[in-house]
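Examining the three-dimensional arrangement
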Amino acid sequence: FGWSDKPIMDYDATVWKDQVVDFVQEVILNRNDDSKAKRSIAIAGNSLGGYTAMYASSDERIKENVKACILLNAAGRFRDP
């Protein structure tokens, strides 16, 4: 653990939001029939993940499927240093 090189990218809330949205699209909503648009999902996040859950829930690519966003011990967003 920890010996691999760090990816050449900046980590920020957008990266985590996109990871959640991609997971929802590729794993949760990946269906071969018309039920993709009808499927309802809930996204939950703890601590900083609460912000990520809220950010991802509002993304145009999945927001019609999101019926709930659950925040547990939610932390605020990053601030610029």
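As a reminder, the structure under discussion sits directly above these lines.
All of the points below concern the structure found in this document. Values in this document were obtained by computation on a predicted structure and should not be read as measured data. (Residues numbered from 1 in each chain as written. Predicted model: local features only at pLDDT ≥ 70, side-chain atom pairs only at ≥ 80, totals over all residues. Heavy atoms only, no water.)

Let us now look at the overall build of the protein chain. Of the regular secondary structure elements, the protein chain holds 2 helices and 2 strands. Listing each helix as α and each strand as β along the protein chain from the N terminus yields α-β-α-β. Out of the 81 residues belonging to the protein chain, those deemed buried represent 25%. In the protein chain, the proportion of contacts linking residues at least 24 apart, taken out of those at least 6 apart, comes to 70%. (Helix = DSSP H or I, 4+ residues; strand = E, 2+ residues; numbered from the N terminus. Buried < 20%, exposed > 50% of the residue type's maximum accessible area, 1.4 Å probe, protein only. Contact = heavy atoms within 4.5 Å.)

In globular proteins that are soluble, nonpolar side chains generally tend to be buried together. With 9 residues, the main nonpolar core is built from Val21, Val24, Leu29, Ile41, Ile43, Ala53, Ala56, Ile62 and Val66. Of all the elements in the fold, those that place two or more residues in this core are helix H1 (13-28), strand E1 (41-46) and helix H2 (48-57). Setting aside residues up to four positions removed in sequence, Val24 forms contacts with Leu29, Ile41, Ile43 and Ile62. (Core = buried A, V, L, I, M, F, W, Y, C linked by side-chain atoms within 4.5 Å.)

None of this, on its own, says anything about what the molecule does.
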